[in-house]
Amino acid sequence: MVLFSRRCGSLPVATQVVPSRAPFLRTPPSRRERTTWGQFRRQAAEVDVAALDGDQKAEFDFPTIEQCVGGTPLVRLQRMPGNTSNTILCKLEGDNPAGSVKDRPALSMIQEAERKGLIKPGDTLIEATSGNTGIALAMAAAIKGYKMILIMPSNMSEERRAAMAAYGAEFISVPPGAMEIARDMAKDLERDGKGIVLDQFGNLDNPLAHFNGTGPELWEQTKGKITHFVSSMGTTGTIMGTSRFLKSKNPDVKIVGLQPAEGAQIAGIRRWPKEYLPSIFDESRVDLVMDVTAREAEETTRALGRMEGIFCGVSSGGAVSAGLRLSAEVENSVIVCIICDRGDRYLSTGMYGSEAMKGDPAPCPMAEYASAVARLPAYPAPRYVLFSADIDGSTGEPWCGDCARVAPLARQAVMQAGGTLLEVRVGPRDQWKDPKHPFRERPDLQLTCIPTIFKWEKNGPGARLDNALEAAKDPKDSANLLQEFLATTTE
């Protein structure tokens, strides 16, 4: 059997190709099917290609770019999960040729439209996009010989626009975040005879790409052990197609969708108004929908680069945040998060620079505790976690007077020590007074009062300062206690 070349991550490998398997490499190569480039060259050199007939020669052809979509690596997070029985895996979709998970549906929608006789090379295609689908469609259109018009919000990064232009696409801008306007404009252009809308939001060939590709790959790569699948939701094609496949293999696999919190804008994912909810979305295929703030997603994105060497976009940081939160609630699980794209198409936004990191880590609500402490090793030591009260909307201060007194003193003391302070808000007064409060019952915390400050060690909470800090009503006494605590825990 003949061997063809294929990348797996950064390592060139060769994969045995069974002629009946189509399209090329839809199923990732097994360990047994892999070999190095050197082995491939030696094996190929032993074959007298000139002596082969036409069919045999065809087997030695190299793949085209469209045949390299899919088969992306699945890697394990090493540092961020901490001390856990769970495994958190990331599917690196940035390794697709045009750099994102959207390569899969873009190619699928064009291939299937061709197969159905709806389009032919030379036609003009139109699509509303927030960026990644546009880049992927521009690539697929270039491969197949189509003209491409893309409509996108003006706040998308310059790198995305440049990538689309590099593939020869034209684009039209709409106001920032106005995907609804973009979708309406695409339909108007189609009605005016300007081209054909593929409609990623209503095209079943979008999730089909993931039913045929992403889902089977994850099942094989995890050897059927996947327990949770986490994906940010934009068009919802990734989560719909992957859910359908994984549930067909094991109905107990939990499917988790991620959307921006109310008022948040996160590139690549949406909180759709009901009238614009993608028609391909079926809520019965999603077991849990989680909200993520832009701040949490951005901080996790930066931490992924600094702690795991994964340079990705902000929607991927949101997915990993959700995976980390889930990991705090389950045991002996295999959690897979989709890394939608690479970080290089967001460099102009400044989100990876030192200026963006000045406020990291920002105070976080109780729900984000697990992902927030997972990010702590990305920041300078010594590291501390202060449990404090939520901010009272009417006063702008913590509802707990002791917390209002201690929080600024703790910030100053940790800053002077050159360390990092993460503030975790325990909730409103009524929630904190509940004897069943999660932080009271966690074995590693067992909070009895606020404010409480912990020295954060490699495996979690270490030394603490709690009751004495609450009892010290004089700011000078509080400051002295904090200085003594830091002095004993930074040695």
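What counts and what doesn't
- Residues numbered from 1 in each chain as written.
- Predicted model: local features only at pLDDT ≥ 70, side-chain atom pairs only at ≥ 80, totals over all residues.
- Heavy atoms only, no water.
- Helix = DSSP H or I, 4+ residues; strand = E, 2+ residues; numbered from the N terminus.
- Areas by Shrake-Rupley, 256 points an atom, 1.4 Å probe, with all protein chains shown as cover.
- Buried < 20%, exposed > 50% of the residue type's maximum accessible area, 1.4 Å probe, protein only.
- Pairing = 2+ DSSP bridges.
- Right-handed = clockwise from strand over helix to strand, strands pointing away.
- Polar contact = N/O pair within 3.5 Å; in protein donor to acceptor, adjacent residues only side chain to side chain.
- Axes fitted to C-alpha atoms, helices over the stretch in contact; angles between N-to-C directions.
- Salt bridge = Lys/Arg side-chain N within 4 Å of Asp/Glu carboxyl O.
- Core = buried A, V, L, I, M, F, W, Y, C linked by side-chain atoms within 4.5 Å.
- Contact = heavy atoms within 4.5 Å.
- Parallel < 35°, antiparallel > 145°, perpendicular 65-115°, else oblique.
- Nonpolar A, V, L, I, M, F, W, Y, C, P; charged D, E, K, R; others polar.
- Left-handed = near helix turned anticlockwise from the far one by under 90°.
- Expected span 1.5 Å × (residues − 1).

### So, the overall build of the protein chain
Move 1: When helices and strands are tallied, the protein chain shows 16 helices and 17 strands.
Move 2: For the protein chain, the accessible surface area stands at approximately 21,900 Å², while carbon and sulfur atoms represent 50% of it.

### Some words on the pairing of strand 7 (residues 147-153)
Move 1: Strand 7 sits mainly inside the fold: six of its seven residues count as buried.
Move 2: Examined bridge by bridge, strand 6 (residues 124-128) and strand 7 share five bridges and lie parallel to one another. Across the sheet, Thr 124 pairs through a bridge with Lys 147, a residue of strand 7.
Move 3: With respect to chirality, the unit in which strand 6 leads through helix 4 (residues 132-144) into the neighbouring parallel strand 7 is right-handed.

### What about the side chain of Thr 489?
Move 1: On the secondary structure map, Thr 489 appears in helix 16 (residues 475-489).
Move 2: With relative accessibility at 12%, the residue Thr 489 sits in the buried group.
Move 3: Separated by 2.6 Å, the side chains of Thr 489 and Tyr 384 make a polar contact.
Move 4: Of note is the side chain of Thr 489, whose polar atom sits 2.8 Å from the backbone oxygen of Phe 485.

### Quick notes on the sheet that holds strand 4 (residues 74-76)
Where strands meet in a sheet, backbone hydrogen bonds hold them as pairs that are either parallel or antiparallel.
Move 1: Taken in spatial order, the six strands make up an open sheet running 4-5-13-10-11-12, and their pairing is mixed. The two strands at the open ends of the sheet, each matched to only one other strand, are strand 4 and strand 12 (288-292). Direction aside, the axes of adjacent strands within the sheet are offset by 25° on average.
Move 2: Inspection of the sheet shows strand 5 (residues 87-92) paired to strand 13 (residues 334-339) by six bridges, in the parallel sense. Counted as the bridge partner of Thr 87 is Val 334 from strand 13.

### As for the sheet that holds strand 16 (residues 452-457)
Move 1: Strand order across the open sheet formed by four strands is 15-14-16-17, with mixed pairing between neighbours. In the strand order of this sheet, the two ends are held by strand 15 (420-425) and strand 17 (460-465), each with one partner. Going across the sheet, the axis of each strand differs from the next one's by a mean of 30°, ignoring polarity.
Move 2: Bridge count between strand 14 (residues 383-388) and strand 16: four bridges; the pairing is antiparallel. Looking across to strand 16, one finds that Val 385 is bridged to Phe 454.

### Some points on the pattern of salt bridges
Move 1: Tallied over the full model, the rule gives 29 salt bridges.
Move 2: For Arg 271, the salt bridge identified is with Asp 291, shortest N-O distance 3.1 Å. A residue pair is termed long-range when its members are at least 10 positions apart, and Arg 271 in the loop between strand 11 (254-260) and strand 12 and Asp 291 in strand 12 qualify at 20 residues.
Move 3: A relative accessible area of 29% means that Arg 271 is categorised as partly exposed.
Move 4: Judged by its relative accessible area of 33%, Asp 291 falls in the partly exposed class.
Move 5: Among the salt bridges present, the one from Glu 299 reaches Arg 375, with a minimum N-O distance of 3.3 Å. Taken together, the residues Glu 299 in helix 9 (residues 294-308) and Arg 375 in helix 11 (residues 369-375) connect sequence positions 76 residues apart.
Move 6: Where salt bridges share partners, they join Lys 91, Glu 93, Arg 104 and Glu 217 into one cluster.

### A few points about the nonpolar core
Move 1: Ranked by size, the top nonpolar core spans 33 residues in total, and within it Val 230, Ile 310 and Val 320 carry the most contacts.
Move 2: Contributions of two or more residues to this core are made by strand 5, strand 11, strand 12, helix 9, helix 10 (314-327) and strand 13.
Move 3: Apart from residues lying up to four places away in sequence, Ile 310 is in contact with Val 75, Leu 77, Cys 90, Leu 92, Leu 304, Gly 305 and Ile 339.

### Description of the packing of helix 9 against helix 10
Move 1: At a closest axis distance of 7 Å, the pairing of helix 9 and helix 10 adopts a crossing angle of 90°. Comparing their axes, helix 10 and helix 9 come out roughly perpendicular. Residues Glu 296, Ala 297, Glu 298, Thr 300, Thr 301 and Leu 304 of helix 9 touch helix 10, and the partners they reach there are Val 314, Gly 317, Gly 318, Val 320, Ser 321 and Arg 325.
Move 2: Here the residues of the contact of helix 9 with helix 10 are counted per class, giving four nonpolar, five polar and three charged.

### Some remarks on the packing of helix 3 (residues 103-115) against helix 4
Move 1: Interhelical geometry of helix 3 versus helix 4 gives an angle of 40° and a closest axis separation of 8 Å. The pairing of helix 3 with helix 4 is recorded here as oblique in orientation. When you trace helix 3 past helix 4, the crossing you get is right-handed. The residues of helix 4 that touch helix 3, namely those facing Asp 103, Ala 106, Leu 107, Met 109, Ile 110, Gln 111 and Glu 114, are Ala 136, Leu 137, Met 139, Ala 140, Ala 141 and Lys 144.

### Remarks on the pairing of strand 6
Move 1: Counting buried residues along strand 6, five of its five residues qualify, which places the element largely inside the surrounding structure.
Move 2: Of the pairings in the sheet, the one linking strand 6 to strand 9 (residues 196-197) comprises two bridges and is parallel in character. Paired with Ile 126 across the bridge in strand 9 is Val 197.

### Remarks on helix 16
Move 1: Between the first and last C-alpha of helix 16 there are 21 Å, a value that for 15 residues agrees with the 21 Å anticipated at 1.5 Å per step.
Move 2: Looking at the buried side of helix 16, the elements it contacts are strand 14, helix 12 (401-416), strand 16, strand 17 and helix 15 (467-471).

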